[in-house]
Amino acid sequence: MSATITISPSEIRQIFQPRTSSSSRFWELGQKANALAVMVEDRWEMFPDEVRELLTTFAYVVIEPPKGIWDRIFEFLSRFGLALVLAWIAIKGEQDAFVAYSSGCKRLINAILGRIEREENAYEKALSEALEEALDNLESRKAMTAEEACERIGRISDQTIREL
């Protein structure tokens, strides 16, 4: 079974370039981000290399923007623009539409990062080994709280990423 996936780079860029817009536009972009997240989760392997590279670049730029002088100026201006957008949203009472947009973008970023992690064999191997070690000693260990478990998993993940 073969499926053709058509993703326009300009549509992807629109998802990551918030600007003053109507409520319906936020809803529309949120839906597009969610739809693209589903496609990333289900069909990542079918995307052309250029599209995967573009999505990967977007994800990394969103979570850690470049730090050159021009990038810092651009980041400041972007944050100022975002502050204006948020003020406009608050005045117009369109918080729900913006939350849907923001949630869609977060889901898309998480989907992209998840697929990147699954492609990295060393990461998968290290994570599997850590989980096996944790499960081997399960009966002899005391119970952890949810916070302790989250911290431990975070440390394991951070250490694995640093080792790669």
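The structure displayed is predicted, hence computed values, not measured ones.

Let us now look at the overall build of the protein. Across its full length, the protein holds seven helices and zero strands. Ordered by position in the sequence, the α and β elements of the protein form the string α-α-α-α-α-α-α. Within the protein, the proportion of its 164 residues that are buried is 29%. Of the contacts formed within the protein by residues at least 6 apart in sequence, a portion of 74% connects residues at least 24 apart. Accessible surface, the protein: about 11,500 Å² in total, of which carbon and sulfur atoms supply 56%.

Below, the discussion takes up the environment of Ala100. Of note, Ala100 is situated in helix α5 (residues 95–119). Overall, Ala100 belongs to the buried group, its relative accessible area being 18%. As a C-alpha pair, Ala100 and Leu29 span 71 residues in sequence and 8.7 Å in three-dimensional space. Each residue touching Ala100, except ones within four places of it in the same chain, is listed here: Trp27 and Gly30.

Within this structure, the stated rule accounts for one aromatic pair. Each ring, one from Trp44 and one from Phe47, has its centre 6.0 Å from the other, and the planes form 55 degrees; the classification is tilted. Look at Trp44 and you get buried, because its relative accessible area is 1%. With a relative accessible area of 2%, Phe47 lands in the buried category.

All right, on to helix α3 (residues 49–63) then. For α3, which comprises 15 residues, the first-to-last C-alpha distance of 21 Å matches the rise-based estimate of 21 Å (1.5 Å per residue) to within 8%. Of the residues making up α3, those classed as buried are Val51, Arg52, Leu54, Leu55, Thr56, Phe58 and Ala59.

It is worth spelling out the pattern of salt bridges at this point. For the structure on display, the rule yields five salt bridges. Close ionic contact of Arg115 with Glu45 constitutes a salt bridge, the shortest N to O distance being 1.9 Å. Taken together, the residues span a long stretch of sequence, with Arg115 in helix α5 and Glu45 in the loop between α2 (23–43) and α3 at a distance of 70 residues. Of the residues examined, Arg115 reaches a relative accessible area of 10% and is grouped as buried. Judged by its relative accessible area of 51%, Glu45 falls in the exposed class.

In this section: a nonpolar patch on the surface. Together, Tyr60, Val62 and Ile63 make up a nonpolar patch on the protein surface, roughly 280 Å² of accessible area in all. Relative to the helices and strands, Ile63 is located in helix α3. Residue classification places Ile63 among the partly exposed residues on the basis of a relative accessible area of 48%.

Rules of the game
Residues numbered from 1 in each chain as written. Predicted model: local features only at pLDDT ≥ 70, side-chain atom pairs only at ≥ 80, totals over all residues. Heavy atoms only, no water. Helix = DSSP H or I, 4+ residues; strand = E, 2+ residues; numbered from the N terminus. Buried < 20%, exposed > 50% of the residue type's maximum accessible area, 1.4 Å probe, protein only. Contact = heavy atoms within 4.5 Å. Areas by Shrake-Rupley, 256 points an atom, 1.4 Å probe, with all protein chains shown as cover. Phe/Tyr/Trp six-rings, centres within 6.5 Å; stacked < 30°, edge-to-face > 60°. Expected span 1.5 Å × (residues − 1). Salt bridge = Lys/Arg side-chain N within 4 Å of Asp/Glu carboxyl O. Patch = residues over 30% accessible without salt bridge, like charges linked within 9 Å, V, L, I, M, F, W, Y side chains within 5 Å.

Shape descriptors only; they carry no functional weight alone.
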